[in-house]
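Here's the letter readout for the chains.
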Amino acid sequence: MMFMPGANPAMLRDAGLYGADSLMFDLEDAVSLAEKDTARALVHFALKTFDYGDTETIVRINDLNTVGKLDIDAVVRTGVDVIRLPKTECAQDVIDADEVITEVERACGREVGSTGIFAAIESAEGVLNALSIAQASPRVCGIALGAEDYVTNLKTQRAYGDNMQLYFAREMILHAARATGIAAVDTVYSDVDNMDGFRAEVEHIKTLGFDGKSVINPRQIPVVNDVYAPTEKEIQKAKEIVWAAREAEEKGLGVITVRGKMVDKPIITRAERTIMLAKASGLIGEEDL
């Protein structure tokens, strides 16, 4: 998920060239108070004008108590895929946003419920309420950790390389996402010149189970893709498991064996995810299965 400053016309124009799976146009922290109206107009124009292909489009709005309602009105009318809520503290924050989005969808003729909500959790209260936030609306398609605000709320600062500092928050968010069947995306890594440290963090959050990583620089995208892409050996093993599962189903067999080892449902599910990642990475196509 690539963060794009909403007040930067050049980046809005070129956003589709970077190869991100999701583009997050920021109207909140990346935009000064004096530029809020200009950024909103620029993002509205970009979403109406530029072809971002199959890339998911997300807009991070401002708080509903400031200009967030204006943000929602401007971007829902363009057909944006998802609204990202900043600093989500509780389920009511999601419910309030849902109501505003519904009003705009009805006003502009969009199908009600077609705009998703991505909740950013950036405080101790938000972390402790992660599950209720994830359950607050059918629109919620994902939750993410915002580490900089979170550690500030904890009265500390970001300690890059310390996997334990964010461990509790990451696990709470991840478990809430898995319990509700939505996506979990990890926080940004702001030290953009430390590519080794960035890769290590991506490997860590992949091991935890996150679906992806937020990035703030195009140079970080290939690293995330490389870490998440399965190896040739992993792909081959996954293929064999999927083929064996299909054959067993066709023959009505209850037990599957691959390379002399019994294979059960969790292993098949992991193999199917490996195949999905391989397809998403462009490493295999439908013809390979």
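Look up a bit, the structure's there.
Residues numbered from 1 in each chain as written. Predicted model: local features only at pLDDT ≥ 70, side-chain atom pairs only at ≥ 80, totals over all residues. Heavy atoms only, no water.

1. Notes on the overall build of the protein chain
The helix and strand tally for the protein chain stands at 12 helices and 10 strands. Relative to its length of 289 residues, the protein chain is compact, with a C-alpha radius of gyration of 20 Å against a globular reference of 19 Å. For the protein chain, the spread of C-alpha atoms along the principal axes amounts to about 65 × 45 × 35 Å. If you take every contact in the protein chain between residues at least 6 apart in sequence, the share linking residues at least 24 apart comes to 68%. (Helix = DSSP H or I, 4+ residues; strand = E, 2+ residues; numbered from the N terminus. Rg over C-alpha atoms; globule rule 2.2 N^0.38 Å. Contact = heavy atoms within 4.5 Å.)

2. Brief notes about the pattern of salt bridges
Scanning all chains against the criterion turns up 22 salt bridges. The shortest N-O distance in the salt bridge between aspartate 186 and arginine 170 comes to 2.8 Å. Here the residue aspartate 186 occupies a position in strand β7 (residues 183-186), and arginine 170 occupies one in helix α8 (residues 167-180), the gap between them amounting to 16 residues. Accessibility assignment for this pair places aspartate 186 and arginine 170 in one class, buried. If you follow the salt bridges from partner to partner, you end up with Asp26, Glu28, Asp29, Arg60, Lys87 and Asp149 in one network. (Salt bridge = Lys/Arg side-chain N within 4 Å of Asp/Glu carboxyl O. Buried < 20%, exposed > 50% of the residue type's maximum accessible area, 1.4 Å probe, protein only.)

3. Thoughts on the nonpolar core
Ranked by internal contacts, the top residues of the largest apolar core, which has 62 residues, are Phe25, Val59 and Ile143. Dropping the residues within four chain positions of it, valine 59 is found in contact with Met24, Phe25, Leu27, Val43, Leu47, Val75, Val80, Val82, Ile83 and Arg84. Counting residues in each nonpolar core, the second largest holds 15 residues, with Ile235, Ala244, Ile256 and Ile284 among its members. (Core = buried A, V, L, I, M, F, W, Y, C linked by side-chain atoms within 4.5 Å.)

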